[in-house]
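# Remarks on the overall topology
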Amino acid sequence: MNNAKVLKQIIEQRRSIFPKDYSATEISQEILDEILHSVTFAPNHKRTRPWRFKLFRGEGKTKLASEMQAIYKATQPEQLFLEKKYNDIGFKINKADAIVSIVVNFSGMVPEWEEIAAVSMAVQNMYLSCTANNIGCYWSSPKIVDHLKESLTIEENQKCLGLFYMGNLK
């Protein structure tokens with residue numbers, strides 16, 4: 001099969017696949033490295049490389065789940081708090097093998113939309129790399145990521161655009 005056909009097939013197969021469909025097996029470090037390396041090929045104006053990704057696995061992932069559940073509980077008015085949503089936050093994080101925080105760094109050298117577009121293209125590269133390796137993944141952008149500044153060590157010129165969940169398929 002030629003490269004164009006392979007690429008077309010990967011693009012057509014790319015989907016958001018949610019943690020409920022992930023298996024308990026770990027993603028190999030080699031494949032995870034390949035997925036994370038794919039972001040470096042995203043186009044970015046003036047080579048600002050505006051993506052700032054942080055990988056969460058194991059204990060870090062457990063802490064992220066607890067923190068996000070605590071943020072949800074603290075920021076939700078009592079009458080709007082849903083126990084199911086609270087539990088779902090923990091379930092999704094714990095079911096995924098790896099989670100990457102998606103942060104854009106605004107350099108001031110180019111318009112902000114260009115930096116966001118570059119980060120989005122980097123995430124698309126992760127999506128395509130996951131698809132090629134039969135890894136389920138999806139980009140989630142819950143409002144509570146705005147409160148993760150400290151745990152993600154987000155600076156003033158940065159913004160969290162969400163979380164990228166990954167897991168082997170059942």
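Before reading further, recall that the structure is shown in the block above.
Parameters at a glance
Residues numbered from 1 in each chain as written. Predicted model: local features only at pLDDT ≥ 70, side-chain atom pairs only at ≥ 80, totals over all residues. Heavy atoms only, no water. Helix = DSSP H or I, 4+ residues; strand = E, 2+ residues; numbered from the N terminus. Rg over C-alpha atoms; globule rule 2.2 N^0.38 Å. Buried < 20%, exposed > 50% of the residue type's maximum accessible area, 1.4 Å probe, protein only. Contact = heavy atoms within 4.5 Å. Areas by Shrake-Rupley, 256 points an atom, 1.4 Å probe, with all protein chains shown as cover. Core = buried A, V, L, I, M, F, W, Y, C linked by side-chain atoms within 4.5 Å. Pairing = 2+ DSSP bridges. Axes fitted to C-alpha atoms, helices over the stretch in contact; angles between N-to-C directions. Expected span 1.5 Å × (residues − 1). Arc of directions from axis to C-beta.

Looking now at the overall build of the chain. Looking only at helices and strands, the chain features 5 helices and 4 strands. Moving toward the C terminus, one meets the helices and strands of the chain in the order α-α-β-α-α-β-α-β-β. A globule of 170 residues ought to have a C-alpha radius of gyration of about 15 Å, and the chain, at 17 Å, matches this closely. Each principal axis of the C-alpha distribution contributes one length, and for the chain these read about 55 × 45 × 25 Å. In the chain, which comprises 170 residues, the proportion classed as buried is 42%. Taking all contacts inside the chain whose residues are at least 6 apart in sequence as the whole, residues at least 24 apart take part in 79%. Entry remark: accessible area of the chain is about 9800 Å², with carbon and sulfur atoms responsible for 54%.

We now examine the side chain of Gln-69. By the element assignment, Gln-69 lies in helix α3 (residues 58-75). Here Gln-69 falls in the buried class, since its relative accessible area comes to 14%. Apart from the residues within four sequence positions on either side, Gln-69 is in contact with Tyr-86, Asn-87, Ile-89 and Gly-90.

Next up on the list: the nonpolar core. The biggest cluster of nonpolar side chains holds 45 residues, and the ones touching the most others in it are Met-68, Ile-93, Ile-99, Phe-164, Tyr-165 and Met-166. At 7 residues, helix α5 (residues 112-132) tops the list of elements feeding residues into this core. Excluding its chain neighbours within four sequence positions, the residues that come into contact with Ile-93 are Lys-61, Leu-64, Ala-65, Met-68, Ile-99 and Tyr-165.

Moving on, we come to the sheet that holds strand β1 (residues 51-56). Sheet architecture is open: 4 strands sit in the order β1-β2-β4-β3, paired in antiparallel fashion. The open sheet terminates on both sides in strands that have one partner only, identified here as β1 and β3 (135-140). Direction aside, neighbouring strands of the sheet carry axes that sit 20° apart on average. As defined by bridge partners, strand β2 (residues 98-105) adjoins strand β4 (residues 158-168) across 8 bridges and the pair is classed as antiparallel. When the sheet's bridge partners are listed, Ser-101 is paired in β4 with Leu-163. Strands β1, β2 and β4 of the sheet are contacted by α3, whose axis makes an angle of about 105° with β1.

Residue pairs spaced three or four apart in an α-helix point in one direction, given the helix's 3.6 residues per turn. In a regular helix each residue adds 1.5 Å, so 18 residues correspond to 26 Å; α3 covers 26 Å between its end C-alpha atoms and thus fits that length. All of the buried residues along α3 are Lys-61, Leu-64, Ala-65, Met-68, Gln-69, Ile-71 and Tyr-72. The arc that holds every buried residue of α3, seen down its axis, measures 160°, which confines them to one face. Away from the buried face of α3 by more than 90 degrees, exposed residues Glu-59, Lys-63, Lys-73 and Ala-74 are located.

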